[in-house]
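# What the coordinates show
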Amino acid sequence: MEVIIDRFEDNYAIVEIEEGQFEKISKVLLPNAKENDIVSISVDHNKTEKRKKYIEKLMDQAFED
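This section reports on the structure supplied with the text. (Residues numbered from 1 in each chain as written. Predicted model: local features only at pLDDT ≥ 70, side-chain atom pairs only at ≥ 80, totals over all residues. Heavy atoms only, no water.)

## Notes on the overall build of the chain
The cut-off we apply is this: By the criteria applied, helices consist of DSSP H or I runs no shorter than four residues and strands consist of E runs no shorter than two, each listed in order from the N terminus. For the radius of gyration, the atom set is restricted to C-alpha positions; the globular benchmark scales as 2.2 Å times the number of residues to the power 0.38. The cut-offs for exposure are 20% and 50% of the maximum accessible area for each residue type, with area from a 1.4 Å probe on protein chains only; residues under the lower value are buried, those over the upper are exposed, and the others partly exposed.
Broken down by element type, the chain carries 1 helix and 4 strands. When the helices and strands of the chain are listed from N to C terminus, the series reads β-β-β-β-α. In terms of C-alpha radius of gyration, the chain reaches 18 Å, well past the compact-globule figure of 11 Å for 65 residues. Principal axes of the C-alpha set define a box for the chain whose edges measure 55 × 25 × 20 Å. A burial count over the chain gives 12% of its 65 residues as buried.

## Some remarks on unusual backbone geometry
Phi angles above zero are rare outside glycine, and Asp-10 is one such case at about 55 degrees. Mapped onto the elements, Asp-10 comes out in the loop between β1 (2-9) and β2 (12-18).

## Focus on the environment of Ile-4
Counted only if it meets this: Contacts are residue-level and defined by heavy atoms, with any inter-residue pair within 4.5 Å sufficient.
Secondary-structure assignment places Ile-4 in strand β1. Residues Ile-4 and Asp-37, 33 residues apart in the sequence, show an inter-C-alpha distance of 5.8 Å. With sequence-adjacent residues up to four places away left out, Ile-4 is seen in contact with Ile-14, Val-15, Glu-16, Asn-36, Asp-37 and Ile-38.

## Focus on the pairing of β2
In summary, the side chains of a regular strand alternate between the two faces of the sheet. So the rule is basically this: A pair of strands is labelled paired if DSSP reports no fewer than 2 bridges between them.
Here β1 runs beside β2; their pairing, made up of 5 bridges, is antiparallel. Looking across to β2, one finds that Glu-9 is bridged to Tyr-12. Here β2 pairs with strand β3 (residues 21-26) via 6 bridges, running antiparallel. Among the inter-strand pairings, Glu-18 is bridged to a residue of β3, identified as Gln-21. Hairpin connection, β2 to β3: the antiparallel pair is bridged by 2 residues, and Gly-20 has positive phi, about 85 degrees.

The analysis is restricted to geometry; functional conclusions fall outside its scope.
Written out as structure tokens, the structure is:
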């Protein structure tokens, strides 16, 4: 998904998701971004699965008898 940074307000970037549809995103998630920049947002399923397995391993270790 691509969004366009319309403007910044306080700690938020107002981004255009679709023509005429806007949402707020924390500026922390957009370092070095400027108005009118196009930002790509994607989900990395491989990294998500690795993180899930890592957390499960930690949980197993924490709750071992």
